[in-house]
Amino acid sequence: MPRKLRVSLDSLIPSPRKGPLSEDQKKRAVAIWETFKEVDPSSLEEVLANFERDLDSERELAVWEGMAKEYKEALPRLPTLRQKKAAFMTIIADSFKSHPIVVGPVLN
């Protein structure tokens, strides 16, 4: 059974960038950012950097594209910013159920 570990967010450091995104990947990342910019405070630069840090940028882009599709389909039923933010958080939470976060070994 996996061991649970509590860490302070202040102790986390971003992983190094794995390399630049292709032009197609950049366009896709920009489209994802455009979809969520109203409910996610991340800048475009942060979004691009985060995709560059992913072990598999292509897979992560596909996951986020799926989430963006779900969000866009829900938008007509979400008249307020509060509802949009709640939907965004729900979509992210649901994505973790089918795409769990993989972390490296815990070093003591």
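Once that is clear, we can look at the packing of aromatic side chains. Following the criterion strictly, the structure yields three aromatic pairs and no others. Where Phe 36 meets Trp 64, the ring centres are 5.7 Å apart and the plane angle is 80°; that geometry is what we call edge-to-face. On the criterion of sequence distance, the pair formed by Phe 36 in helix α1 (residues 23-36) and Trp 64 in helix α3 (residues 57-74) is long-range, its members being 28 residues apart. Trp 64 matches Phe 36 in its accessibility class, with the two residues each being buried. For the ring pair Phe 36 and Phe 88, a centre distance of 4.9 Å and an interplane angle of 45° mean the geometry is tilted. Here the residue Phe 36 occupies a position in helix α1, and Phe 88 occupies one in helix α4 (residues 81-98), the gap between them amounting to 52 residues. The exposure class assigned to Phe 88 is buried, which follows from its relative accessible area of 4%. Site record: aromatic cluster; members linked through ring pairs are Phe 36, Trp 64, Tyr 71 and Phe 88.

To continue, consider the nonpolar core. Counting 17 residues, the largest nonpolar core has Ile 32, Phe 36, Phe 51, Trp 64, Met 67, Tyr 71 and Phe 88 as its most contacted members. With six residues, the single largest contributor to this core is α3. Beyond its immediate sequence surroundings of up to four residues, Tyr 71 is in contact with Thr 35, Phe 36, Glu 38, Val 39, Lys 84, Phe 88 and Ile 91.

Here the focus is the environment of Gln 25. For Gln 25, the location among the structural elements is in helix α1. A relative accessible area of 12% places Gln 25 in the buried class. Measuring from C-alpha to C-alpha, the distance between Gln 25 and Leu 61 comes to 7.6 Å, with 36 residues separating the pair along the chain. Dropping the residues within four chain positions of it, Gln 25 is found in contact with Ser 57, Glu 58 and Leu 61. A polar side-chain atom of Gln 25 sits 3.0 Å from a polar atom in the side chain of Glu 58.

It is worth spelling out the confidence of the model for the protein chain at this point. With 88% of its residues at a pLDDT of 70 or more, the protein chain shows a mean pLDDT of 87. Of all the helices and strands in the protein chain, α4 carries the lowest mean pLDDT, 91, while α1 carries the highest, 98.

The next point concerns the pattern of salt bridges. As enumerated under the stated definition, the model contains eight salt bridges in all. With a shortest N-O distance of 3.6 Å, Asp 24 and Arg 28 are connected by a salt bridge. Note that Asp 24 and Arg 28 are positioned in helix α1 at a spacing of four residues, about one turn of the helix. For the salt bridge of Lys 69 with Glu 73, the shortest nitrogen-to-oxygen distance reads 2.9 Å. With a gap of four residues between them, Lys 69 and Glu 73 both fall in helix α3, about one helical turn apart. Note on Glu 73: relative accessible area 47%, which makes it partly exposed. Overlapping salt bridges bring together Asp 24, Arg 28, Glu 58 and Glu 65 as one network.

Rules behind the numbers
Residues numbered from 1 in each chain as written. Predicted model: local features only at pLDDT ≥ 70, side-chain atom pairs only at ≥ 80, totals over all residues. Heavy atoms only, no water. Phe/Tyr/Trp six-rings, centres within 6.5 Å; stacked < 30°, edge-to-face > 60°. Helix = DSSP H or I, 4+ residues; strand = E, 2+ residues; numbered from the N terminus. Buried < 20%, exposed > 50% of the residue type's maximum accessible area, 1.4 Å probe, protein only. Core = buried A, V, L, I, M, F, W, Y, C linked by side-chain atoms within 4.5 Å. Contact = heavy atoms within 4.5 Å. Polar contact = N/O pair within 3.5 Å; in protein donor to acceptor, adjacent residues only side chain to side chain. pLDDT = per-residue confidence, 0-100. Salt bridge = Lys/Arg side-chain N within 4 Å of Asp/Glu carboxyl O.

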